[in-house]
Amino acid sequence: MSDILRRLDEVLAARRGADPERSYVASLHARGEEAILRKVGEEAVEVLLAARGGEAGPLVREVADLWFHTLVLLSHRGLGAGAVLAELERRFGTSGLEEKAARGRS
Ligand SMILES: N=c1c2ncn([C@@H]3O[C@H](COP(=O)(O)OP(=O)(O)OP(=O)(O)O)[C@@H](O)[C@H]3O)c2ncn1[C@@H]1O[C@H](COP(=O)(O)O)[C@@H](O)[C@H]1O
């Protein structure tokens with residue numbers, strides 16, 4: 001796994017139960033899953049707006065915010081980036097159309 005994702009996973013897990021006054025991630029865990037989901041939704045909208053703005057820098061920063069908040073969501077459920085990377089690895093090399101057909105069958 002990418003080293004930064006592994007290190008971030010470790011920090012996010014360590015923040016569960018940490019002091020919400022001292023850590024943004026601990027404050028998200030303390031506010032609960034609905035608050036985290038709201039942040040994920042907000043960040044997705046910010047990605048859309050940045051993409052429409054046309055500049056690369058803001059788009060990259062908003063995608064980083066979105067990835068980050070989805071990682072907090074996974075961590076809140078006791079999951080990590082490794083689970084998503086394994087799923088992408090599994091799909092790699094299969095065509096998008098095969099994946100679509102497999103989903104239709106399940
Ligand atoms: N990568 C990040 C990261 N990316 C984004 N953010 C936060 O996500 C926010 C983005 O949300 P918005 O765009 O809505 O901005 P905002 O208005 O400031 O956010 P709100 O206060 O409204 O929630 C930023 O303001 C940051 O607070 C991050 N906060 C933390 N990290 C990583 O998480 C680690 C642990 O953070 P702490 O728990 O704060 O120590 C850090 O060392 C970093 O590696």
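Residues numbered from 1 in each chain as written. Predicted model: local features only at pLDDT ≥ 70, side-chain atom pairs only at ≥ 80, totals over all residues. Heavy atoms only, no water.

Named according to an unreviewed UniProt entry, the protein is Phosphoribosyl-ATP pyrophosphatase originating from Inmirania thermothiophila. The record in UniProt for the protein states the following under Catalytic activity (unreviewed entry): "1-(5-phospho-beta-D-ribosyl)-ATP + H2O = 1-(5-phospho-beta-D-ribosyl)-5'-AMP + diphosphate + H(+)". (UniProt positions renumbered as here; feature names shortened; annotations may be inferred.)

Draft legend 1. Quick peek at the overall build of the protein. Helices and strands together make up the secondary structure of the protein, namely six helices and zero strands. Each principal axis of the C-alpha atoms in the protein carries an extent, and together these give about 45 × 35 × 30 Å. Within the protein, contacts between residues separated by at least 24 positions form 54% of all contacts whose residues are at least 6 apart in sequence. Accessible surface computed for the protein: about 7400 Å², of which carbon and sulfur atoms make up 58%. (Helix = DSSP H or I, 4+ residues; strand = E, 2+ residues; numbered from the N terminus. Contact = heavy atoms within 4.5 Å. Areas by Shrake-Rupley, 256 points an atom, 1.4 Å probe, with all protein chains shown as cover.)

Draft legend 2. Seen up close, the pattern of salt bridges. What the rule picks out here adds up to eight salt bridges. Here K39 ties to E42 by a salt bridge, and the two come within 3.4 Å at their closest N and O atoms. Here E42 and K39 lie together in helix α3 (residues 33-53), a separation of three residues that amounts to about one turn. Accessibility expressed as a relative area gives 18% for K39, which makes it buried. Judged by its relative accessible area of 37%, E42 falls in the partly exposed class. One network of salt bridges, with partners in common, ties together D3, R6, R7 and E10. (Salt bridge = Lys/Arg side-chain N within 4 Å of Asp/Glu carboxyl O. Buried < 20%, exposed > 50% of the residue type's maximum accessible area, 1.4 Å probe, protein only.)

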